[in-house]
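This is what each chain is made of:
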Amino acid sequence: MEKLFCVSYSYMLYGYYYTWIRHKEKPVEAEIYSGSCFIKSKEDKLEEALTEQIQENVEHYKNKISTEGHIYLYDWSVPFIAEKRIEKIEKTELKDYTFREATISECMEELTPEEYSKMYGKILEVN
């Protein structure tokens, strides 16, 4: 049964930047933290939905790189110098995620009445 989940996840982004002196390609990696977001999925298919979400983010980053030439991303694993310049993205890897089922009030905010009745029917569970 498909449900609405509140998910927070982090992933590693591996890429390259070019040095300004000799334009050598240097590897860079950044841990990206998502904050919390809502995903409609089955519980056993949640990791696949997260990888799709990450791929959408990476496509957005690649489009930005193609127009501007580079992007700056904040690396949450480094305490002081958190901003990293990336000019080419190599790959991504899901590092960690936590999830919980959305509450009734969150479902009312995020879902339309048709989506809610399709997902949960007329069942109202109070834990």
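To be clear, the structure that these remarks concern was listed above.
Here the residue numbering is sequential within each chain, running from 1 through the sequence in written order. In keeping with the model being predicted, local features are shown solely for residues with a pLDDT of at least 70 and side-chain atom pairs are shown and tallied solely at 80 or more, while totals for entire chains, interfaces and linings include all residues. No hydrogens and no water enter the side-chain calculation; it runs on all heavy atoms of the structure.

Asker: Explain the pairing of strand E2 (residues 25-41) to me, please; I cannot follow it from the model alone.
Answerer: For a regular strand, side-chain orientation follows a simple rule: the groups alternate between the two sheet faces. By the bridge criterion, 15 bridges tie strand E1 (residues 3-18) to E2 in an arrangement that is antiparallel. Its bridge partner lying in E2, Cys 6 is registered against Phe 38. The rule for pairing is simple: two strands pair if DSSP sees at least two bridges between them. Here a helix means four or more residues in a row that DSSP labels H or I, a strand means two or more in a row labelled E, and each is numbered from the N terminus.

Asker: So what exactly am I meant to see when it comes to a negative patch on the surface here?
Answerer: Together, Glu 43, Asp 44, Glu 47, Glu 48, Glu 52 and Glu 56 make up a region of like negative charge exposed at the surface. Turning to its location among the elements, Glu 43 is positioned in the loop between E2 and helix H1 (46-68). For patch building, the residue pool is restricted to those with more than 30% relative accessible area and no salt bridge; the joining distance is 9 Å between like charges and 5 Å between nonpolar side chains (Val, Leu, Ile, Met, Phe, Trp, Tyr). The accessible surface values rely on the Shrake-Rupley method and a 1.4 Å probe; as for residues, cover is taken only from the protein chains in view. In the sections that follow, a salt bridge refers to a side-chain nitrogen of Lys or Arg positioned within 4 Å of a carboxyl oxygen of Asp or Glu. Positive charges come from Lys and Arg alone, negative charges from Asp and Glu alone, with His and the N- and C-terminal ends not counted. Note that the charge is assigned to NZ on lysines, CZ on arginines, CG on aspartates and CD on glutamates.

Asker: Honestly, H1 in this entry has me stumped. Any pointers?
Answerer: One turn of an α-helix holds 3.6 residues; hence residues three or four places apart share an orientation. Each residue after the first adds 1.5 Å to the expected span of a helix. The terminal C-alpha atoms of H1, which comprises 23 residues, lie 33 Å apart, in line with the 33 Å expected from a rise of 1.5 Å per residue. On its buried face, H1 is in contact with E1, E2, strand E3 (71-74), strand E4 (83-86) and strand E5 (88-101). Whether two residues are in contact is decided by their heavy atoms: any pair within 4.5 Å suffices.

Asker: I keep staring at the nonpolar core and nothing clicks. Help me out?
Answerer: Soluble, globular proteins show a tendency: their nonpolar side chains are buried together. Nonpolar cores were defined as sets of buried Ala, Val, Leu, Ile, Met, Phe, Trp, Tyr and Cys residues, with membership established by side-chain atoms within 4.5 Å. For each residue, the accessible area found with a 1.4 Å probe, counting protein chains only, is set against the maximum for its type, and the residue is called buried under 20%, exposed over 50%, and partly exposed in between. The biggest cluster of nonpolar side chains holds 20 residues, and the ones touching the most others in it are Leu 13, Tyr 61 and Ile 86. For this core, the elements supplying multiple residues, two or more each, are E1, E2, H1 and E3. Considering every element that reaches this core, the biggest residue donor is H1, with 7 residues. Excluding residues that lie within four positions of it along the chain, Ile 86 makes contacts with Leu 13, Tyr 16, Val 28, Ile 65, His 70, Ile 71 and Leu 73. Ranked by size, the runner-up nonpolar core spans 6 residues in total, among them Ala 102, Cys 107, Met 119 and Tyr 120.

Asker: Honestly, the packing of aromatic side chains in this entry has me stumped. Any pointers?
Answerer: For any two aromatic rings, the description comes down to two numbers: the centre-to-centre distance and the angle of the planes. Any two rings among Phe, Tyr and Trp, with Trp reduced to its six-membered ring, count as a pair given centres within 6.5 Å; such a pair is stacked if its planes are under 30 degrees apart, edge-to-face if over 60, and tilted if neither. Within the structure shown, the criterion is met by 5 aromatic pairs. A ring pair is formed by Tyr 33 and Trp 76, whose centres lie 6.5 Å apart and whose planes are at 70 degrees; its orientation type is edge-to-face. Of this pair, Tyr 33 sits in strand E2 while Trp 76 sits in the loop between E3 and E4, and the two are 43 residues apart along the sequence. Pairing Tyr 116 with Tyr 120 gives two aromatic rings, centres 5.1 Å apart and planes at 40 degrees, and the pair type is tilted. Taken as a pair, Tyr 116 and Tyr 120 lie in helix H3 (residues 113-120) at a separation of 4 residues, close to a single helical turn. Through a chain of ring-to-ring contacts, the aromatic side chains of Phe 5, Tyr 97 and Phe 99 assemble into a single cluster. The side chain of Lys 91 reaches across the aromatic face of Tyr 14, ending 5.2 Å from its centre. By the criterion adopted, a ring carries a charge over it if an Arg CZ or a Lys NZ lies within 6 Å of its centre and within 35 degrees of its normal.

Asker: Just checking my understanding: could you explain the sheet that holds E5 for this structure?
Answerer: Paired through backbone hydrogen bonds, the strands of a sheet run either parallel or antiparallel to each other. Read from one edge of the open sheet, 3 strands run E2-E1-E5, paired in antiparallel fashion. Two strands in the sheet have a free side with no partner beyond their single neighbour: E2 and E5. Along the sheet, successive strands turn relative to each other by an average axial angle of 15 degrees, direction set aside. Bridge count between E1 and E5: 12 bridges; the pairing is antiparallel. To get an axis, fit a line to the C-alpha atoms, keeping to the stretch in contact for a helix; angles then go from 0 to 180 degrees between the N-to-C directions.

Asker: Could you clarify how one ought to interpret the side chain of Glu 31 in this entry?
Answerer: Within the secondary structure, Glu 31 sits in strand E2. Setting aside anything within four residues of it in sequence, one finds Glu 31 in contact with Ser 10, Tyr 11, Met 12, Tyr 74, Asp 75, Trp 76, Ser 77 and Lys 95.

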